[in-house]
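Given next are the chains, with one letter for each unit.
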Amino acid sequence: MNAPENKFLQASHDVPHAAPFTGDMAGAKHIGQAIPRPNLERLVEGRGQYVDDIELPRMAHVVYWRSPVAHARIVHIESAYARMMPGVLAVYTGHDLAAICKPWVATLTHLAGIKSAPQYPMALDRMHWQGEPVVAVVGKTRAEAEDALQYIQVEWEDLPAALDMNTALNPTTAVIHPELGDNLCFTRSLDTGGVDEAFAHRGHAGTSLSNCRLQPCQFTTHGLPLATGAAHDARPVCASI
Amino acid sequence: VRGCLTLAVQADGRHVDTIEGLSETGEIKDLQAAFIRHNALQCGFCTSGMLMAASELLTQQPNANREQVREWISGNYCRCTGYQAIVDAVCEVLEARRQGASA
């Protein structure tokens, strides 16, 4: 809902280190200037175009059967009925895509020692998180693909999940990616010295800090229409997010 | 109404206004201009709904104050602007129309 108007933010003396910038502004061309945005006019007249508005010739639509659980082994995927539904062009599983798409390993070079399991486009033999795509149904229309999706049957076997950051490293908590050894992604110690002494003198027993997630995931819509060139050339020639 | 929740048959026999229609007639030109002037939109996805809601407010409650503007559009989500510029724009048009009406 609407953010409350902050009537309590007072002048800078209430906020430490908030002194106004006093550097040389002579060369600053854009700061403080209202930059005209020529595309606004069509947006205020309902003439914006978003991914959902884009209809390409012979465009197909893909929808996903997603994991309803946090951790499970996939026992069997039954897609025969879905394939028989009208308008269905294809049904793909994680293994189908893994044959043509290499996994992504999300590590950062400036964070030495960070671990990340290979991420495939869709789950292979296990579902690792609720919402992970497991089966893709491609239809001539979105409605036909959605209808066929109702006929996908996935049999799975629940596995113990790691749901709490505070217990994720306990020996009794399931290791979600056994090949990584444990559930620890990354650790860094910063010791400038004197910590034990400071705690001893101040008598602090310790504290707990809560922070927001630092990896934002927008919950606005995401979409990607793709068009290919000639039949022998599968490179996308049109992409939009 | 919520366009995504209202079937066309539910509007049978009714008059339907759309953002395209109001743009054609020019009746909310001042509101659209105020949105642009205040940069009250980024991606524009919510803008049609905001304009339609604000247009209704201008008709129904020409004396609305800032709080009432906020309450009126509280059913419309905007993920870009933080609402301030939208409320600024609507309040400005309310004031301008009031002045125009009394002049």
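Residues numbered from 1 in each chain as written. Chains lettered and ligands numbered in written order. Predicted model: local features only at pLDDT ≥ 70, side-chain atom pairs only at ≥ 80, totals over all residues. Heavy atoms only, no water.

K.L.:
Tell me about the packing of helix α2 (residues 29–37) of chain B against helix α3 (residues 47–60) of chain B, and name the residues and values.
P.N.:
Residues and elements named next belong to chain B. Contact geometry for α2 and α3: axes closest at 10 Å, N-to-C directions at 130°. In terms of orientation, α2 lies oblique with respect to α3. You can see that α2 and α3 cross each other, and the crossing is right-handed. Together, Leu31, Gln32 and Phe35 of α2 and Thr47, Met50, Leu51, Ala54, Ser55 and Leu58 of α3 make up the contact between the two elements. (Axes fitted to C-alpha atoms, helices over the stretch in contact; angles between N-to-C directions. Helix = DSSP H or I, 4+ residues; strand = E, 2+ residues; numbered from the N terminus. Parallel < 35°, antiparallel > 145°, perpendicular 65-115°, else oblique. Left-handed = near helix turned anticlockwise from the far one by under 90°. Contact = heavy atoms within 4.5 Å.)

K.L.:
I'd like a description of the sheet that holds strand β4 (residues 126–127) of chain A, backed by residues and values.
P.N.:
All names here are of chain A. Overall, antiparallel pairing links the three strands, which are arranged β4-β2-β6 in an open sheet. Of all the strands in the sheet, just β4 and β6 (153–158) have a single pairing partner and so form its edges. As paired elements, strand β2 (residues 72–78) and β6 share six bridges and run antiparallel to each other. Following the sheet pairing, Ala72 is matched in β6 by Asp158. (Pairing = 2+ DSSP bridges.)

K.L.:
Now, about a nonpolar patch on the surface: what can you tell me, with residues and values included?
P.N.:
Residues and elements named next belong to chain A. Taken together, the side chains of Tyr81, Met84 and Tyr151 present a nonpolar region at the surface, about 370 Å² in accessible area. Tracing the backbone through its elements, the reader meets Met84 in helix α2 (residues 80–84). Look at Met84 and you get exposed, because its relative accessible area is 62%. (Patch = residues over 30% accessible without salt bridge, like charges linked within 9 Å, V, L, I, M, F, W, Y side chains within 5 Å. Areas by Shrake-Rupley, 256 points an atom, 1.4 Å probe, with all protein chains shown as cover. Salt bridge = Lys/Arg side-chain N within 4 Å of Asp/Glu carboxyl O. Buried < 20%, exposed > 50% of the residue type's maximum accessible area, 1.4 Å probe, protein only.)

K.L.:
If you had to explain the pairing of β2(A) to someone new, which residues and values would you point to?
P.N.:
Alignment of β2(A) against β4(A), held across two bridges, turns out to be antiparallel. Looking across to β4(A), one finds that A:Arg73 is bridged to A:Arg126.

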